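In case you want the letters, here they are:
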Amino acid sequence: MKFRRRPRYGRFVDTPRKRKAAARRQQPERDSLPLFAELIAFFQPTIDHVMRDRADDAERQEQIDRDRDARLWRSVRIDIAALPRRQRRLIRALAAAYGGPLNAVAYAYFYR
């Protein structure tokens, strides 16, 4: 079975541009009710907190995606192993000529 490792995107990078975008996202909430702008600002998370949450979310999502791919690879391999030898050989021959993406989702469609 040919496959390409899933690229790691690395850690979330906290940049000034992302901080400004987070601040711009909070501004319309304060502008929507000008008389309560200070109160709304009090209850909004700080930019540091927003950036920390985004870093945590990015890391968590990366692991979820990797786990999903691993489960899919395993299920495809189990399905192929359960086939008779003749069908396994045929599938391997077809897979050798396969020119599509080398990831778990593409292989699952290919084999099933």
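Quick look at the structure, then. (Residues numbered from 1 in each chain as written. Predicted model: local features only at pLDDT ≥ 70, side-chain atom pairs only at ≥ 80, totals over all residues. Heavy atoms only, no water.)

### Here we look at the pattern of salt bridges
Turning to step 1, where the next piece is worked out: According to the stated counting rule, one finds 10 salt bridges in the structure shown.
Turning to step 2, where the next piece is worked out: One salt bridge connects Asp65 with Arg68, and the closest N-O pair in it is separated by 3.3 Å. Placement of both Asp65 and Arg68 in helix H3 (residues 47-81) is noted, with a separation of 3 residues, approximately one turn of the helix.
Turning to step 3, where the next piece is worked out: Taking the relative accessible area as the measure of exposure, Arg68 reaches 38% and is therefore partly exposed.
Turning to step 4, where the next piece is worked out: Several salt bridges converge on common partners, so that one network encompasses Arg6, Glu62, Asp65, Arg66, Arg68 and Asp69. (Salt bridge = Lys/Arg side-chain N within 4 Å of Asp/Glu carboxyl O. Helix = DSSP H or I, 4+ residues; strand = E, 2+ residues; numbered from the N terminus. Buried < 20%, exposed > 50% of the residue type's maximum accessible area, 1.4 Å probe, protein only.)

### A look at helix H1 (residues 16-32)
Residue pairs three or four apart in sequence face the same way in an α-helix, which turns once every 3.6 residues.
Turning to step 1, where the next piece is worked out: End to end, H1 covers 25 Å across 17 residues, agreeing with the expected 24 Å (1.5 Å per residue, within 8%).
Turning to step 2, where the next piece is worked out: Of all the positions in H1, only Ala22, Gln26 and Arg30 are classed as buried. (Expected span 1.5 Å × (residues − 1).)

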